[in-house]
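Observations on the three-dimensional arrangement
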Amino acid sequence: MTDLTQLEADLTGRIAAAADAAALEAVRVEALGKSGSISELLKGLGKMSPDERREQGPKINGLRDKVAAAIAEKKAALDAAELDARLASERVDLTLPPPPERKGRVHPTMQTLDEMIAVFGEMGFALAEGPDIEDDFHNFTALNFPPNHPAREMHDTFWLPPNETGERKLLRTHTSPVQIRVMQQGQNGKLPAWIAQGQAPPIRVIVPGRVYRSDSDATHTPMFHQLEGLVIDRDIHMGHLKWTLDAFTRRFFETDAVVTRFRPHHFPFTEPSCEMDVQCDRSGGSIKIGQGTDWLEILGGGMVHPNVIRNCGLDPDEWQGFAFGMGVDRLGSLKYGMPDLRDMFAADVRWLEHYGFSAFQAPNPATGLS
Ligand code: PHE
């Protein structure tokens, strides 16, 4: 006859010592499983005499209930401990500050361009655009560059490999080819609706865009941005050009203190031609306008050459106008004090964080440019 007291002590001891659910389950199977020690005892009841059974029955059943209860209790304790451990390991500290939010900045070139567009928009100019990959005709020939003339070389052109027909396209060296596209489209009646007037002259457009030249130093980068201006009407003269550019410059720099200088120059597509410089101080690693003894060239311009007007199918005796092309990045570097143009395209995030603009600071001629 098994010693029930001994069995109880043995089982409760092992239940208490069970370290996890698997160990506890092993004890349960050993005691209460099909052929477990207590199950065997219960089976033995049937073979006992009635007297014996009356005595042993309650004891064995009692032992079974006690062991089952001890197992249930231990299981609850093990479950609770496991949950506590999980909660502790998965704890989220809501008091920790969130990681810093990365905010993008508007590149100074794009800010500058938006400001320029806002100023010319105020003056009544409409926007036009053209392709970065141009052909020789639009970039040179139609702009009155004679064939094989050295002026074609003055731009250090990036030529593309010849296509199937042997034609070599190029990365436009200036935004002036869009003058041709606008004047020709005007003739064909194909001018997009958003370009001023739609069909033929008068034309008053600005053309922002990327341009490319094989050139690199503090004031030149192989890719930079220009803003072309084109006005074609009757009775337009140099005075209109000078007034427009002077008014633009004061408005853009938001001060009357800016000093400009026009110098005679040569472009094949304008006659007469000029360049405009802005007075600045480039000493001491920064750049300040309206003071100092340096001059930074910011644009070329002039009266559109009669040949160019003729090349676009217009009669130069009826239509004249002026054109100009400004360096957007240069204007930005002057206004915002960035001495080396190459930094603008180095894609250094620290530089962008420092010189970039908030996206909420969109230039608005009514509330301020920047
Ligand atoms: N296309 C000239 C340049 O890139 C600038 C210019 C534009 C000059 C229009 C005259 C008229 O240097």
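None of these values were measured; they are calculated from a predicted model.

Definitions and cut-offs
- Residues numbered from 1 in each chain as written.
- Predicted model: local features only at pLDDT ≥ 70, side-chain atom pairs only at ≥ 80, totals over all residues.
- Heavy atoms only, no water.
- Helix = DSSP H or I, 4+ residues; strand = E, 2+ residues; numbered from the N terminus.
- Rg over C-alpha atoms; globule rule 2.2 N^0.38 Å.
- Buried < 20%, exposed > 50% of the residue type's maximum accessible area, 1.4 Å probe, protein only.
- Contact = heavy atoms within 4.5 Å.
- Areas by Shrake-Rupley, 256 points an atom, 1.4 Å probe, with all protein chains shown as cover.
- Lys, Arg positive; Asp, Glu negative; His and termini not counted.
- Charge placed at Lys NZ, Arg CZ, Asp CG, Glu CD.
- Domains from an automatic or database assignment.
- Phe/Tyr/Trp six-rings, centres within 6.5 Å; stacked < 30°, edge-to-face > 60°.
- pLDDT = per-residue confidence, 0-100.
- Axes fitted to C-alpha atoms, helices over the stretch in contact; angles between N-to-C directions.
- Parallel < 35°, antiparallel > 145°, perpendicular 65-115°, else oblique.
- Nonpolar A, V, L, I, M, F, W, Y, C, P; charged D, E, K, R; others polar.
- Near = heavy atom within 4 Å.
- Polar contact = N/O pair within 3.5 Å; in protein donor to acceptor, adjacent residues only side chain to side chain.
- Core = buried A, V, L, I, M, F, W, Y, C linked by side-chain atoms within 4.5 Å.
- Pairing = 2+ DSSP bridges.

Regarding the overall build of the protein
- When its secondary structure is counted, the protein shows eleven helices and ten strands.
- Against the globule reference of 21 Å for 370 residues, the protein gives a C-alpha radius of gyration of 43 Å, more extended than a compact globule.
- The principal-axis extents of the C-alpha atoms in the protein amount to approximately 140 × 55 × 35 Å.
- In the protein, which comprises 370 residues, the proportion classed as buried is 41%.
- Pairs at least 24 apart in sequence give 66% of the contacts found in the protein among residues at least 6 apart.
- Of the roughly 19,600 Å² that the protein leaves accessible, carbon and sulfur atoms contribute 54%.
- Seen as two clouds, the 39 positive and the 52 negative side-chain charges of the protein have centres 5 Å apart.

Details of the domain arrangement of the protein
- Domain annotation of the protein identifies domain 1 (4–89) and domain 2 (108–355).
- Computed from C-alpha coordinates alone, the two centres of domain 1 and domain 2 are separated by 93 Å.

With respect to the packing of aromatic side chains
- All chains considered together, the criterion is met by twelve aromatic pairs.
- Seen in terms of ring centroids, Phe120 and Phe248 are 4.6 Å apart; in terms of plane orientation they differ by 5°. Their pairing is stacked. With a gap of 128 residues between them, Phe120 in helix H5 (residues 108–123) and Phe248 in helix H8 (residues 238–253) connect regions that are remote in the sequence. For the pair shown, Phe120 and Phe248 are each scored as buried.
- When the ring of Phe140 is compared with that of Trp159, the centres are 6.3 Å apart and the planes differ by 35°; the resulting orientation is tilted. Remark: Trp159 occurs in the loop between helix H6 (136–139) and strand E3 (170–171) and Phe140 occurs in the loop between H6 and E3; sequence separation between them is 19 residues.
- Counting every residue linked through ring pairs, the aromatic cluster contains Phe120, Phe125, Phe248, Phe252, Phe253, Phe322 and Phe324.

Some remarks on the confidence of the model for the protein
- Residues with a pLDDT of 70 or more make up 93% of the protein, whose mean pLDDT is 88.
- Ranking the elements of the protein by mean pLDDT puts helix H7 (residues 177–188) last, at 80, and strand E10 (residues 320–327) first, at 97.
- Segment residues 191–199: pLDDT under 50, and 22 contacts once partners within four positions in sequence are set aside and those in other chains are kept.

Description of the packing of helix H2 (residues 21–32) against helix H3 (residues 37–44)
- Remark: H2 packs on H3, axes separated minimally by 3 Å, with the N-to-C direction vectors making an angle of 15°. Considering the angle they form, H2 stands roughly parallel to H3. From H2, Glu30, Ala31 and Leu32 reach across to H3, where they touch Ser37, Ile38 and Ser39.
- In terms of residue class, the contact of H2 with H3 is built from three nonpolar, two polar and one charged.

Observations concerning the environment of Leu334
- Structurally, Leu334 is set in helix H10 (residues 328–336).
- Taking C-alpha positions, Leu334 is 22 Å from Ala323, a pair spaced eleven residues apart along the chain.
- Setting aside residues no more than four positions away along its own chain, Leu334 makes contact with Phe253, Val278, Cys280, Ile287, Ile289, Leu296 and Ile298.

Re the site of the ligand
- Neighbouring the ligand are 14 residues; His174, Ser176, Arg213, Gln226 and Gly325 lie closest to it.
- Contacts to the ligand include His174, whose side-chain N or O atom sits 2.9 Å from a nitrogen atom.
- In the environment of the ligand, an oxygen atom lies 2.7 Å from a nitrogen or oxygen atom belonging to the side chain of Arg213.
- Notes on the ligand: free accessible area 320 Å², of which the protein chains cover 94%.

Concerning the nonpolar core
- If you look at the biggest cluster of nonpolar residues, it comprises 30 residues, and the most contacted ones within it are Phe324 and Met326.
- Every element with two or more residues in this core is listed here: H5, strand E5 (223–233), H8, strand E7 (270–281), strand E9 (294–304), E10 and H10.
- Here the element with the most residues in this core is H8; it accounts for five residues.
- Here Met326 is in contact with Met116, Phe120, His225, Gln226, Leu227, Leu245, Phe248, Ile298, Leu299 and Leu331, once residues within four sequence places are set aside.

What to know about the packing of H5 against H10
- Viewed as axis vectors pointing N to C, H5 and H10 meet at an angle of 100°, and their least axial separation amounts to 9 Å. Classified by the angle between their axes, H5 and H10 sit roughly perpendicular to one another. Residues Thr109, Thr112, Leu113, Glu115 and Met116 of H5 lie in contact with H10, whose contacting residues are Val328, Asp329, Leu331, Gly332, Lys335 and Tyr336.
- Each residue belonging to the contact of H5 with H10 can be placed in one class, and the counts come to five nonpolar, three polar and three charged.

Regarding the pairing of E5
- For E5, the buried fraction is high: nine of the eleven residues fall into the buried class.
- In this sheet, E5 lies alongside strand E4 (residues 203–212) in antiparallel orientation, the contact comprising ten bridges. Across the sheet, the residue bridging to Val205 is Leu230, located in E5.
- Across eight bridges, E5 lies against E10 in antiparallel orientation. From the neighbouring strand, Glu228 faces E10, where its bridge partner is Gly325.

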